[in-house]
Amino acid sequence: MTQTRSIDIAIGCGLATAAFALVRLGGRQTLGSPVRTHIDTARTFNRSSALLALSVLTDSAMEHYRGSFDNPAMYTPLVVSTLSLFAGLHGGSDLEPARHPVRDSIYLSAALAGVAGTGFHLYNITKRPGGWSWHNLFYAAPIGAPMALLLSGALGAVSERLRDEPAHEPRLFGMPAGQALALLTSAGLVGTLGEVALMHFRGSFHNPVMYAPIVIPPVASALLINAAFAEPRDHWFTRLWLRVTTALGFIGVGFHARGVARARGGWRNWSQNLFNGPPLPAPPSFSALALAALGALRLRETEKK
Amino acid sequence: MTGLPRYPGYDVTAKRDTPSWDDVTRTVIDERLATPHEPHFFDVVEWQALCALCACIVPQDRERPVVPVAALVDARLANNLGDGYRDARLPPMRDAWRIGLRALDAESRSRHELPFSSIAEEARHALLTDMQEGGLDGPEWRGMPGAVFFAKRVLHDICGMYYAHPHAWSEIGFGGPANPRGYVRMVANRRDPWEAAEARPGREDQAYKENRRVR
Amino acid sequence: MSADDPHDAQLVPRGKNGRAPDVFRPAAWIPMREYPQDEAVDFAIVGTGAGGGTLACRLAEKGFKVVAFDAGAWWRPLEEFASDETHQGKLFWTDERICDGENPLHLGNNNSGKAVGGSTVHFAMVSLRFRPEWFRSRSLLGYGADWPLDWREMWRYYGEVEEALKIAGPVNYPWGPKRPRYPYRAHELNASALVLARGCEALGIDWSPTPLATVSAPRGDAHPCVYRGFCVSGCATNAKQSALLTWIPRAVRAGAEVRDLAMVGRIAMGHDGRASGVEYMREGRWQFQRARNVVVAGYAIETPRLLLMSATERFPDGLANSSGLVGKNLMVQLNQAVWGTMDEEIRWYKGPPSLSLTEHWNYEDKGKDFFGGYCYMSQGPLPVAWVSTQNGRGLWGQRLQDEMRKYNHQAGLKIVGEAMPQERNRVTLADEKDRYGLPVARVTYSLCDNDKRLVRHSLDFMSLALEAAGARDVWRETDDTCHLNGTARMGDDPATSVVNADCRSWDIDNLWICDGSVFPTVGGVNPSLTIQAIAMRTADRIETLAARGDL
């Protein structure tokens with residue numbers, strides 16, 4: 001059991017580091033806040049989109065490899081998420097107060113690919129014997145996975161629209177931008193939740209830690225909704241909780257690595273366990289959304305109403 | 001599926017040093033592959049008959065590596081590894097084989113004046129078909145029904161040892177040993193990279209290349 | 001030292017010197033309490049399978065002093081289970097038995113395990129509950145005999161066993177009264193299982209992933225299934241929740257002693273007409289363990305064999321046999337199948353052999369010309385098992401080899417069908433002696449008309465189903481059976497049964513029988529879950545009886 005032992009140690013270090021950082025930082029606002037311009041928020045969203053795109057790239061590459069790229073369309077998310085990743089990195093350092101047309105079209109195609117992917121996955125589930133059933137939700141194409149690509153596109157597209165807004169009282173979707181972004185990221189967190197809940201239910205919650213990603217993010221989501229509709233003020237607890245959610249995503253990778261080590265043959269049997277075991281690239285999607293939400297929160301706290 | 005499936009170039013033993021095989025399996029299979037080709041249980045006469053019998057029950061062409069079936073059957077009888085039961089109409093396994101092989105030779109001599117190993121293939125097939133249908137019942141059988149001997153010993157023991165050999169596994173595209181690594185892709189028409197690739201008509205080369213890469 | 005020679009495990013007992021193998025850690029041991037032979041333990045249990053292993057665990061956990069005996073070896077699956085059907089024959093009862101009757105049985109690797117953990121070491125892990133009405137087969141359904149057990153009580157024990165074994169089953173089970181959710185989720189269906197599903201959907205009946213005693217997620221030190229497909233040759237992954245991995249380690253931790261390579265040859269009787277202990281062969285010599293109670297749990301051949309072999313002047317027809325029924329009413333389950341060839345690659349060697357099933361004909365009473373029921377399941381035989389099925393068709397030579405080449409394109413549906421209890425089907429003692437000097441068992445079996453009608457109905461139906469799923473060249477396997485039950489049936493009348501509802505023999509109040517022998521009827525589902533549930537109930541009953549001094 002030495003593989004799991006060494007991963008346990010790594011997780012322990014990760015948890016200790018995260019706990020230390022959270023205790024030091026608490027829910028205090030840090031350097032870089034209050035946000036000077038809405039561009040900073042936009043760049044945060046670009047970067048979160050990139051992180052989400054990276055997660056989608058690795059996850060869809062592994063899963064579609066497992067599916068033997070049976071349908072040529074299965075290459076699409078790899079291509080689109082790669083483009084989205086580059087767009088996000090580019091936008092993350094871009095100070096231009098204007099929508100970038102190439103990035104924007106990449107983001108829109110990512111969102112469309114996410115919607116199309118959901119359609120493909122839905123077809124894959126319902127065409128099998130049993131149709132819409134627990135078994136097919138567990139083992140056919142994961143219904144919630146393409147949603148991550150949609151979210152990556154959405155975060156990026158929103159960022160581009162935000163850049164177009166004036167620096168003073170920017171607005172999105174008919175409301176103050178910060179409010180809109182808080183609601184968007186809140187929805188994103190809830191959306192990511194569904195797939196995790198399904199997969200951890202499939203794993204029978206054999207380890208109590210598997211409840212963490214279905215308990216922590218909904219609270220973050222609720223706090224964000226509260227921050228969106230309440231009078232703008234310092235929401236230190238929301239900030240703290242979002243930092244916990246960010247840490248959750250990265251520590252989740254550690255736990256998934258532990259899951260791979262825990263299977264028969266451990267890492268030596270990687271050619272099976274990477275694909276049958278818990279997906280390594282999935283947990284950081286929470287981190288990506290939580291980081292974007294922190295950006296939204298910063299913007300919200302500067303707004304007048 | 002047109003024609004019989006083929007797996008050109010596939011060899012389960014190519015996975016010997018992968019996570020699909022473990023120590024105990026390697027020991028077991030190595031030993032099976034190292035079974036001596038001379039008999040330890042049967043005498044020379046019985047051995048001749050057995051070899052001819054095996055050639056009829058599981059004919060092997062020259063294309064594929066040979067499975068030493070007769071040797072494996074002989075080894076099993078030498079070790080007297082039984083099944084844990086026997087049909088009441090049969091004597092214990094070793095006695096059944098000795099009686100059966102000698103009776104087969106006797107039947108062959110009475111028809112063709114030659115032992116079973118010396119007669120032509122068609123004649124052998126005819127004799128075996130008779131045995132299967134219960135038509136052989138001379139005194140050499142000592143009351144053992146030929147049809148029951150054929151079904152429960154000849155077919156059971158010979159075919160069982162043939163398909164216990166890695167060459168036979170490769171022939172039928174069986175995944176072979178699998179510990180600790182099992183399988184990932186469970187649905188139809190999907191294979192893991194360490195499984196046999198079936199040759200599509202006109203694309204045997206592709207299957208051959210994939211099978212050489214199996215590990 | 002040849003790999004096919006008996007392993008260390010089959011030559012040298014491992015359950016001794018105060019320790020037992022830790023099956024979860026290579027080369028490791030756990031401490032085991034040992035009991036002196038000349039001091040009577042509370043329970044001497046013969047056999048450590050689904051009945052004996054479960055009972056040993058529960059009694060030890062309730063504080064009783066327990067010694068369990070098994071003729072078989074104490075295997076370490078992780079290191080000693082090779083991926084080879086032939087070599088793994090070491091898991092089966094390979095001492096001689098003689099089979100006759102109109103339909104002589106196939107024993108050995110078909111249904112008879114010999115190992116600590118019994119047949120649960122090699123079984124296919126199918127874990128199904130009885131249909132409630134079967135406990136009243138005679139009163140409610142008009143055949144067989146009534147059980148002296150209430151289905152509601154059994155329903156509770158089924159739940160306890162399912163929880164103890166973390167059965168991996170579907171979220172919703174289509175048949176029978178409500179049950180708690182299976183503790184672990186069902187496994188992914190392989191292509192072979194999906195063929196069954198398609199067939200059922202085409203014919204408009206329900207189907208389901210099979211509830212299996214192998215884990216689909218990590219559990220304690222057990223690894224989740226890797227779908228290697230060697231289940232019935234022994235699970236080297238330690239995913240299969242056999243008694244070897246579950247009840248036995250719990251029993252040892254609770255203070256029970258397990259003696260492997262210990263063949264019990266006789267139950268000794270005292271002058272008071274009660275059992276005084278067991279005589280067993282271990283390490284080359286006959287030994288004797290004193291006991292206040294003896295439980296026989298050797299499964300449906302060895303149990304009556306031991307009772308008959310233990311005959312004395314006072315009990316000339318064998319122990320607990322005033323009814324004359326010890327050894328009689330042997331029931332197998334019908335195991336016929338249909339097989340066919342698919343255009344797509346099925347590769348049924350991946351995963352447990354029976355990943356999907358339908359119990360439609362267990363719960364549907366209309367449209368049957370027979371009593372009883374059957375379920376059928378998808379299949380995944382490995383090469384040696386498959387060629388044996390082909391031999392059963394009479395195939396040999398080039399025709400056989402051509403058929404075998406289609407190995408990766410096969411699919412099949414196989415029943416577990418309810419055979420009727422018949423007194424003429426029985427286990428008796430032959431004159432031949434085995435290597436311990438004990439009389440070999442003679443197993444006599446003949447099907448009755450009801451059995452044959454059930455078989456015909458099932459083959460007709462499954463042929464339709466398999467063709468509806470797209471199979472070609474569908475053919476019928478007409479001769480196969482599985483499991484063993486009934487040879488020491490339970491009842492509420494000493495004249496017509498061997499044990500009562502508590503598995504206590506009518507004749508000898510400290511002689512118990514706790515395995516598949518006690519089934520009055522066999523139902524149309526695999527027996528292992530029911531055997532374990534009966535053992536759990538028996539342990540509770542023993543605790544109650546002991547508390548009020550009735551032991």
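All values reported here derive from a predicted model rather than from experimental measurement.

With that settled, the discussion passes to the overall build of chain C. The number of helices and strands found in chain C is 13 helices and 22 strands. Radius of gyration (C-alpha) of chain C: 22 Å, near the 24 Å computed for a compact globule of 551 residues. Projected onto its principal axes, the C-alpha positions of chain C cover 65 × 55 × 45 Å. Across the 551 residues that make up chain C, the buried fraction comes to 71%. Long-range contacts, defined as pairs at least 24 residues apart, comprise 74% of the intrachain contacts of chain C with a sequence gap of at least 6. Of the accessible surface of chain C, which amounts to about 16,600 Å², a share of 47% is contributed by carbon and sulfur atoms. When the 63 positive and 68 negative side-chain charges of chain C are each reduced to one mean point, those points stand 3 Å apart.

Taken together, the contact between chain C and chain A spans 29 residues of the former and 18 residues of the latter. Carbon and sulfur atoms make up 58% of the surface buried where chain C meets chain A, a total of about 2,000 Å² over both sides. Three residues stand out in chain C for area buried against chain A, namely Arg185(C), Glu188(C) and His223(C), and they jointly supply 29% of the buried area on that side. Run the count over chain C and chain A and you get one salt bridge. Of the charged contacts, one joins Glu188(C) and Arg66(A) as a salt bridge, the two residues approaching to 3.3 Å between their closest N and O atoms. Counting across the chain C and chain A interface gives twelve residue pairs in polar contact (both at pLDDT 80 or more). For the side of chain C that touches chain A, the secondary-structure elements that each account for two or more residues are β7 (184-185) and α6 (191-203) of chain C. Looking at which element gives the most residues to the side of chain C that touches chain A, the answer is α6(C), with four residues. Of the residues assigned to the side of chain C that touches chain A, the class counts are 17 nonpolar, five polar and seven charged.

This part takes up unusual backbone geometry. That bond from Asn179(B) to Pro180(B) is cis: its omega, 0 degrees, falls within 30 degrees of zero. On the secondary structure map, Pro180(B) appears in the loop between α7 (166-172) and α8 (204-212). Positive phi, normally seen in glycine, also occurs at Asn17(C), with a value near 55 degrees. Tracing the sequence through the fold places Asn17(C) in the loop between α1 (8-11) and β1 (19-21). Of note, the phi angle at Tyr227(C) is positive, near 60 degrees, even though the residue is not glycine. Relative to the helices and strands, Tyr227(C) is located in the loop between β8 (208-209) and α7 (247-253). What makes Tyr227(C) buried here is its relative accessible area of 8%.

The axis of helix α6 (residues 146-162) of chain B is deflected most strongly, by about 30 degrees, at His156(B). Where burial is concerned, most of α6(B) is hidden: 13 out of the 17 residues are buried.

In this complex, chain B contributes 65 residues to the contact, which on the side of chain C involves 68 residues. Carbon and sulfur atoms make up 55% of the surface buried where chain B meets chain C, a total of about 5,300 Å² over both sides. Counting the contacts that link chain B with chain C gives six salt bridges. For the salt bridge of Lys350(C) with Glu195(B), the shortest nitrogen-to-oxygen distance reads 2.9 Å. There are 28 residue pairs in polar contact (both at pLDDT 80 or more) connecting chain B and chain C. Per element, the largest residue contribution to the side of chain B that touches chain C is eight residues, and it comes from α6(B). Of the residues in the side of chain B that touches chain C, the class split is 34 nonpolar, 15 polar and 16 charged. As paired strands, strand β1 (residues 86-87) of chain B and strand β5 (residues 98-100) of chain C are joined by two bridges and run parallel to one another. Looking at the pairing, Arg86(B) lines up with Ile98(C) of β5(C).

Okay, the state of the cysteines next. What is meant by a disulfide is a covalent connection between two cysteines, made through their sulfur atoms. Tallied over the entire structure, the rule returns zero disulfides over all chains. Cys54(B) supplies the cysteine sulfur nearest to Cys56(B), a cysteine that is in no disulfide, at a spacing of 9.2 Å.

Do not read the predicted coordinates in detail wherever pLDDT is low. Model confidence for chain C is summarised by a mean pLDDT of 96, while 99% of its residues fall at 70 or above. Interface confidence for the predicted complex, given as ipTM, is 0.97, next to a pTM of 0.95.

Applying the stated criterion across every chain yields a total of 70 salt bridges over all chains. Arg26(B) serves as the salt-bridge partner of Asp23(B), at 2.9 Å between the closest nitrogen and oxygen. Of this pair, Asp23(B) and Arg26(B) both sit in helix α1 (residues 23-33), three residues apart, roughly one helical turn. We classify Arg26(B) as buried; its relative accessible area is 16%. Here Asp509(C) makes a salt bridge to Arg274(C), at a shortest N to O gap of 2.8 Å. Remark: Arg274(C) occurs in the loop between β10 (263-269) and β11 (275-282) and Asp509(C) occurs in the loop between β21 (481-485) and β22 (511-513); sequence separation between them is 235 residues. A relative accessible area of 27% places Arg274(C) in the partly exposed class.

For sheets, the rule is that strands pair by backbone hydrogen bonds, running either parallel or antiparallel. On the basis of which strands lie adjacent, the open sheet formed by four strands has the order β1(B)-β5(C)-β19(C)-β18(C) and mixed pairing. Edge positions in the sheet fall to β1 of chain B together with β18 (426-433) of chain C, since each has one partner strand and no second. Bridge count for β5(C) against strand β19 (residues 439-444) of chain C is three bridges, and the pairing is parallel. In the strand pairing of β19(C), Ile98(C) is matched with Arg442(C). The strands that helix α8 (residues 299-309) of chain C touches are β18 and β19 of chain C; relative to β18(C), the one it contacts most, it runs at about 65 degrees.

This paragraph deals with helix α12 (residues 449-468) of chain C. Turn by turn, an α-helix covers 3.6 residues, leaving residues three or four places apart pointing in a common direction. All names here are of chain C. Here α12 contains 20 residues, and its C-alpha end-to-end distance of 29 Å stays within 8% of the 28 Å for a straight helix at 1.5 Å per residue. Those residues of α12 that fall on the buried side of the exposure criterion are Asn 450, Asp 451, Leu 454, Val 455, His 457, Ser 458, Leu 459, Phe 461, Met 462, Ser 463, Ala 465 and Leu 466. Trailing α12 by a residue or two, Gly 470 shows a phi angle of about 105 degrees, which is positive.

A word on the pairing of β19(C). All names here are of chain C. Of all six residues in β19, five are buried; the element is thus mostly enclosed. Here β18 runs beside β19; their pairing, made up of five bridges, is antiparallel. When the bridges of β19 are listed, Thr 428 appears paired with Arg 442.

What follows covers the packing of helix α1 (residues 2-25) of chain A against helix α9 (residues 236-262) of chain A. Residues and elements named next belong to chain A. Viewed as axis vectors pointing N to C, α1 and α9 meet at an angle of 175 degrees, and their least axial separation amounts to 9 Å. Comparing the axis directions of α1 and α9 gives the class roughly antiparallel. Touching Gln 3, Thr 4, Ile 7, Asp 8, Ile 11, Gly 14, Leu 15, Ala 18, Leu 22 and Leu 25 of α1 are Leu 240, Arg 243, Val 244, Ala 247, Ile 251, Gly 254, Phe 255, Ala 257, Arg 258, Ala 261 and Arg 262, all from α9. Of the residues in the contact of α1 with α9, the class split is 13 nonpolar, four polar and four charged.

What counts and how
Residues numbered from 1 in each chain as written. Chains lettered and ligands numbered in written order. Predicted model: local features only at pLDDT ≥ 70, side-chain atom pairs only at ≥ 80, totals over all residues. Heavy atoms only, no water. Helix = DSSP H or I, 4+ residues; strand = E, 2+ residues; numbered from the N terminus. Rg over C-alpha atoms; globule rule 2.2 N^0.38 Å. Buried < 20%, exposed > 50% of the residue type's maximum accessible area, 1.4 Å probe, protein only. Contact = heavy atoms within 4.5 Å. Areas by Shrake-Rupley, 256 points an atom, 1.4 Å probe, with all protein chains shown as cover. Lys, Arg positive; Asp, Glu negative; His and termini not counted. Charge placed at Lys NZ, Arg CZ, Asp CG, Glu CD. Buried area = accessible area lost by both parts, 1.4 Å probe. Salt bridge = Lys/Arg side-chain N within 4 Å of Asp/Glu carboxyl O. Polar contact = N/O pair within 3.5 Å; in protein donor to acceptor, adjacent residues only side chain to side chain. Nonpolar A, V, L, I, M, F, W, Y, C, P; charged D, E, K, R; others polar. Bend = angle between axes of the 7 residues up to and from the residue. Pairing = 2+ DSSP bridges. Disulfide = S-S within 2.5 Å. pLDDT = per-residue confidence, 0-100. Axes fitted to C-alpha atoms, helices over the stretch in contact; angles between N-to-C directions. Expected span 1.5 Å × (residues − 1). Parallel < 35°, antiparallel > 145°, perpendicular 65-115°, else oblique.

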